[in-house]
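# Observations on the three-dimensional arrangement
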Amino acid sequence: MLKIAKSKLNDLYAKINESMGLFIPVKVAGEVDYRVWSEGKEVSLETLKTVKSPKSMFFPQTENLMKFVKEGKNIEIIDVREDFDQRKPFVLFGVKACDYKAIEVLDKVFLADPVDTYYQDRREKTTIITTACSKPEDTCFCSVFGIDATNPLGDVTTYLDNDYLYWQANTEKGENLTNLVKDLFENGGEEKVAEIKENAKKVLDCLPFKNLDLSKFKPENLNELFNSDKWQELSEACLACGTCTFVCPTCQCFDIRDFKTNKGVVRFRCWDSCMYSDFTQMSHGNNRTTQTQRFRQRFMHKLCYYPSQNGGLYSCVGCGRCVNKCPQNLNIVKVIKALGDK
Amino acid sequence: MQEIQAKMKARAKELLESGQVARVIGWKKGEFIYDNSPATFESVEELDNFVYDYFCGSNLSKYLIAESKKPGKTAVFLKPCDTYSYNQLIKEHRINKDNVYVIAIECLAKLNAETIKNLADGFVTGVSVEGDKVTISSPYGEKVVDKKDVLLTKCSTCSKTHVAGDEQIIVYNFEKPSTDRFEKVKELEAMTEDERFAFWRSQLSKCIRCNACRNVCPACSCVKCVFDNPASGISAKANDDKFEEQLFHVIRAFHVSGRCTDCGECSRVCPQNIPLHLLNRKFIKDINQTYGEYQAGEETEGKTPLTSYTVNDAEPNEVVNGGK
Amino acid sequence: MTNETLIPKVGVITDVRRDTPDVKTFRVVGTDGKKLFEHMPGQCAMVSIPGVGESMFSITSSPTNKEFMEFSIKKCGCVTEVIHSLEVGEQITVRGPYGRNFPVEEDFKGKDLLFIAGGIGLAPLRSVINYVRHYRKNYGKVTIVYGARSMDDLVDIEEIKTEWVNEPDFNVYLTIDREQEGWDGHVGFVPSYVKELGLDPNMTAVLCGPPIMIKFTLAGLLELGFEKQRVYTTLELRMKCGVGKCGRCNVGDKFVCKDGPVFRMDQIDELPDEY
């Protein structure tokens, strides 16, 4: 175990940034989100629920896929990632246990055959530093999904108290990074870390959602859950915005669109939401015409469809962002409680 | 506050029981003390979860677009600011007025759950309001703060009184503090162009294009938004470049100018807390200055400054300089 | 570049055939003049016009055709409208093949086959039918029931009239919705025609057409004694990636692009009612 005084963290960021990119929670106009670090930015590792999750490191909100240049009748396709091999490796710093688990959920989609190489390229070039939670919030319910907020994995695990950041490498990637920055560190901190964990566990034990019951959400109950008459009431206040989707660390639906520029056509992908009315719109019809159907799709996918496809792994990690951010206070907890009753 | 809630609930019960209305739109309790949701109550039993307290900030008027088209009457509880949106929607023929029964309710100014959560380090176990003080309890410690510091942005400068209502439920005759709602707009106007650009650039760079501002906005009542129409040529659901990131909100503010009642829902729902209402307020201030004082939603009929022409209207060059 | 799933290949249109007032069939090869990729009957490909958009179409030609691919495309939206304006020599982009094919090498082998199609629904079936014709001895009797709104809306009518009807052990039944001058064949909707024909329920059936046709035809087949485990169809939902990632064509625990588009009726019964 290594430790570094919090007052020296800026030196650590600068050192990492010498040879790698650094993606870290930064305060911008009052809100904390993962952004590319540069000197002078206000880092906030303590923030549990960044507005957007770190998924944008691997799956950015918008991303150019390719370019088409047309000459006469001929189309030339240009892969816009030619610089990928030269691209600097990245360090993703400050990932909480729930968000780390969410990367596993995303991996199962993007790295499944056929592999999404855009995602894979970024994933492989990134070293992930997790940060244990020391002050869980009332909307947190990661333990329901078997996640230990005090003990996240990743290439390096860090812990925070008032004065120090404690550092523990877990993997070869983590060791390599440690070697690069270890001059800034001193040894020690095991006891402190045990204390941090102990204190956080006390709060985790009194979280209001810690006993959420997921036992009803099994593939064999798919049609029963789908046909429940509770969806109407659960979704009645839904604005059909994409807030829950876009703040969610596991939502991964995307759109692919073309954008005409004066130098050709750029095909890009961007986050999309199954909450939007045009998500399944085809020229000859739409298989989900009501907001209740779209609302149901989102939660059924997280709690039933995805687990059915992925060996029981839920596509929710209990980060509580949707609980915090839904403009009308609808969220997955209310769905679990309403439908999970046996 | 409990007294108002009790009266509202009793009234909702009467209306449903007597069959005068088929449904009542109000708020229902959430999982915490701060996360109430809009809800439609169709039976007396459903009213068990009925709630009205300091965390009922959402504007219920837009739900009437759909609900007023259903068979039977719909009763709705509207706070003073919400009645302006209601009138505006009637003016724009979005709501079937004959199918609506409006109960105007007292507001007392609503609290901002997010501000309170931040003060409680994300873990709120209790909130109590005593006069102009709010006590916030949390396992991480208790705090007493001034109520004015934890209000929803839209409530902190509100001076509205009801402009619609078939009946009223008012208990406390709460007096709203008089504040200048254009104060922040004036601050922005006083900035240099570069400073102002930097301010909005920084704010708008946070936008995730979730469209919550648009979807909650009672003035955004188009059946199909131009940004959702693939045939429009500008259909988009993401910031594919900086230009769009900066302009989506400005364009939206233009679309609702002269119709925005300043209900403040856009800023309340923004997951990134972008002060979107300031764009609309700038338009309102400019309209007031250029065409004379005008408050959208005050009336359900009559001409509006941006949709009518008079010979005394300001010339375009005057309008350009109007905001200065 | 070859293993990039989202990056397409450039295809050249070498022939355009107008089948009906709103259906055209496009013949496509790579820029090297060779077939773009191999596929199996029932599989789809993403065809795009850069700047307009990308859409999923079933590959109409049979895999046994080693020279080119064909797509029969009905004009019904932004992308298809522009595709219809294309002429020979113009380029498009194509990626695929996507999805599961009809089990032509497994469950269909040695069986008597019944194909029922409505309108443009013939497009995916044409690939199977021509595959079956190519490997004729591997399959039993073939019955085809094909209907459209009018005689002008029957896709690939030339091939049907000159080739399919002359194939040994091929029975082709055509029908149109309403009486029309110059048509001396059957008049009536596909579902009722299927019942009238009193088809042998031991055949393995493949249905493709508008949802309403599928619904009523299936009911008719079940009445005749067909088993759902031996009735196949293809689903069509909005798709963007084609590889089970963009989330658009998700129904229940299936992605139509990856787990379909070919499904057996008993598999469809297990899906939530949302397709």
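Residues numbered from 1 in each chain as written. Chains lettered and ligands numbered in written order. Predicted model: local features only at pLDDT ≥ 70, side-chain atom pairs only at ≥ 80, totals over all residues.

### Some details on the interface of chain A and chain B
Many structure descriptions define interface size as the accessible area lost when the parts assemble. Put simply, the rule reads: Residue pairs qualify as contacts under a 7 Å threshold applied to their C-beta atoms, which are placed from the backbone. Secondary structure elements are defined from DSSP: runs of H or I of at least 4 residues count as helices, runs of E of at least 2 residues count as strands, and each element is numbered from the N terminus. Polar here means any residue outside two lists: the nonpolar Ala, Val, Leu, Ile, Met, Phe, Trp, Tyr, Cys and Pro, and the charged Asp, Glu, Lys and Arg; Gly therefore counts as polar.
Taken together, the contact between chain A and chain B spans 40 residues of the former and 35 residues of the latter. Put simply, the parts of the chain that give the side of chain A that touches chain B at least two residues each are β3 (31-36), α8 (243-247), β11 (254-261), β12 (264-271) and α11 (332-340) of chain A. Across the side of chain A that touches chain B, the residue classes break down as 20 nonpolar, eight polar and twelve charged.

### Side note on the sheet that holds strand β5 (residues 74-79) of chain A
All names here are of chain A. Selection criterion: Strands pair, by our definition, only if DSSP identifies at least two bridges between them. Each axis is a line fitted through C-alpha atoms, taken for helices only over the stretch in contact, and angles between the N-to-C directions span 0 to 180 degrees.
If you trace the four strands from one edge of the open sheet to the other, you get β5-β4-β12-β11, paired in antiparallel fashion. Looking at strand neighbours, the two that pair on one side only are β5 and β11, the edges of this open sheet. Averaged over all adjacent pairs, the angle separating strand axes in this sheet is 25°, with direction ignored. Here six bridges tie strand β4 (residues 62-71) to β12, and the two strands are oriented antiparallel to one another. Each bridged residue has a counterpart across the sheet, and for Met66 the counterpart in β12 is Arg267.

### Focus on the nonpolar core
Applicable threshold: The nonpolar core criterion groups buried Ala, Val, Leu, Ile, Met, Phe, Trp, Tyr and Cys residues into a set whenever they are joined through C-beta atoms within 7 Å. Residues are called buried when their C-beta atom has 20 or more other C-beta atoms within 10 Å, exposed when it has 12 or fewer, and partly exposed otherwise; all C-beta atoms are positioned from the backbone.
In this structure, B:Val76 and C:Ala205 are the most contacted members of the largest nonpolar core, which totals 254 residues. Per element, the largest residue contribution to this core is eight residues, and it comes from helix α2 (residues 97-110) of chain A. Those residues within four positions of B:Val76 in sequence are excluded, and the remaining contacts are B:Ile25, B:Leu60, B:Leu64, B:Val100, B:Val102 and B:Ile103.

### Remarks on the domain arrangement of chain C
Worth spelling out the cut-off: An automatic or database domain assignment is the source of the domain bounds shown.
Domains assigned within chain C are domain 1 (9-98) and domain 2 (113-234). One C-alpha centre belongs to domain 1 of chain C, the other to domain 2 of chain C, and the line joining them spans 24 Å.

### A word on the interface of chain A and chain C
Listed as interface residues are 40 residues of chain A and, on the opposing side, 33 residues of chain C. Of the residues assigned to the side of chain A that touches chain C, the class counts are 19 nonpolar, 13 polar and eight charged.

### Brief notes about the sheet that holds strand β7 (residues 143-146) of chain B
Hydrogen bonding along the main chain pairs the strands of a sheet, whether they run parallel or antiparallel. Residues and elements named next belong to chain B. If you trace the three strands from one edge of the open sheet to the other, you get β5-β6-β7, paired in antiparallel fashion. Each having just a single partner strand, β5 (126-130) and β7 make up the two edges of the open sheet. When the angles between neighbouring strand axes are averaged without regard to direction, this sheet yields 20°.

### Digging into the pairing of strand β1 (residues 9-20) of chain C
Residues and elements named next belong to chain C. With four bridges connecting them, β1 and strand β6 (residues 91-98) associate as antiparallel partners. If you follow Gly11 over to β6, its bridge partner there is Ile92. In terms of strand pairing, β1 meets strand β2 (residues 23-30) through eight bridges, oriented antiparallel. Bridged to Arg17 within β2 is Thr25. Between the end of β1 and the start of β2, which pair antiparallel, lie two residues.

### Considering the domain arrangement of chain A
Residues and elements named next belong to chain A. Its domain assignment divides chain A into domain 1 (2-59 + 83-204) and domain 2 (219-252 + 270-340). Spacing between the C-alpha centres of domain 1 and domain 2 amounts to 28 Å. With 22 residues of domain 1 at the contact, the number on the domain 2 side is 18 residues. Of the residues in the side of domain 1 that touches domain 2, the class split is 13 nonpolar, two polar and seven charged.

### Here we look at helix α1 (residues 2-17) of chain B
Residue and element names in this part refer to chain B. Our working definition: Expected helix span is given by 1.5 Å per residue-to-residue step, counting one fewer step than there are residues. Note: the arc covers the axis-to-C-beta directions of the helix.
In this model α1 runs 22 Å from its N-terminal to its C-terminal C-alpha over 16 residues, within 8% of the 22 Å that 1.5 Å per residue would give. Residues of α1 that are buried: Ile4, Met8, Ala12 and Leu16. Along the long axis of α1, the arc covered by the buried residues comes to 95°, so they all point the same way. Residues of α1 that are exposed and angled more than 90 degrees away from the buried face: Gln2, Glu3, Ala10 and Glu17. Contacts from the buried residues of α1 go to β1 (23-28), β2 (37-41), β3 (74-78), β4 (100-105) and β8 (167-169). Looking one or two residues past α1, Gly19 carries a phi angle of roughly 80°, positive in sign.

### So, helix α5 (residues 211-224) of chain C
All names here are of chain C. The end-to-end C-alpha distance of α5, which contains 14 residues, comes to 20 Å, matching closely the 20 Å that a straight helix rising 1.5 Å per residue would cover. Within α5, burial applies to Met213, Ile214, Thr217, Leu218, Gly220 and Leu221. All buried residues of α5 fall inside an arc of 165° around its axis, so they share one side. In this structure, α5 carries Ile212, Lys215 and Glu223 as exposed residues pointing more than 90 degrees from its buried face. Tucked inside the fold, the buried residues of α5 contact β7 (113-118), α4 (190-197), β11 (204-208), β12 (231-234) and α7 (265-270). Positive phi appears at Gly225, one or two residues downstream of α5, with a value of about 105°.

### Remarks on the packing of α4(C) against α5(C)
All names here are of chain C. The following threshold applies: Any angle that is under 35 degrees is reported as roughly parallel, and any over 145 degrees as roughly antiparallel; angles of 65 to 115 degrees are reported as roughly perpendicular and all others as oblique. Crossings are classed by handedness, with left-handed meaning an anticlockwise turn of the near helix from the far one by less than a right angle and right-handed meaning a clockwise turn.
Two numbers describe how α4 lies on α5: the axes approach to 8 Å, and their chain directions differ by 15°. Between α4 and α5, the crossing angle belongs to the class labelled roughly parallel. In the crossing of α4 with α5, the sense of the turn from one axis to the other is right-handed. Mapping the contact onto sequence places Val190, Pro191, Val194 and Lys195 in α4 and Met213, Phe216, Thr217, Gly220, Leu221, Glu223 and Leu224 in α5.

### Thoughts on the pairing of β1(B)
Note on strand geometry: in a regular strand, side chains alternate between the two faces of the sheet. Residues and elements named next belong to chain B. The buried count for β1 comes to six of six residues, which makes it a mostly enclosed element. For β1 and β3, the ladder comprises three bridges, and the chain directions are parallel. Considered in β3, the bridge of Ile25 is made with Val76. With five bridges joining them, β1 and β2 adopt antiparallel strand pairing. Looking at β2, one finds that Gly26 is bridged to Ala39.

### Details of the environment of C:Pro191
Residue and element names in this part refer to chain C. Mapped onto the fold, Pro191 is located in helix α4. You can call Pro191 buried: it has 23 C-beta atoms within 10 Å. Note: C-alpha distance between Pro191 and Val12 (179 residues apart in sequence) is 39 Å. Look past the residues within four positions of Pro191 in its chain and what remains in contact with it is Met213, Phe216, Thr217 and Gly220.

### Regarding unusual backbone geometry
Trans peptide bonds make up most of the peptide bonds, and negative phi angles are found at most residues other than glycine. The step from A:Asp113 to A:Pro114 runs through a cis peptide bond, and the omega angle for that step is -5°. The omega torsion across C:Gly260 and C:Pro261 is 0°, close enough to zero to call that bond cis. As for its position among the elements, C:Pro261 is in the loop between α6 (256-259) and β15 (262-264). Residue B:Asn273 is not a glycine yet carries a positive backbone phi of 50°. Looking at where B:Asn273 falls in the secondary structure, it is placed in the loop between α10 (265-269) and α11 (277-291). Look at B:Asn273 and you get partly exposed, because 19 C-beta atoms sit within 10 Å.

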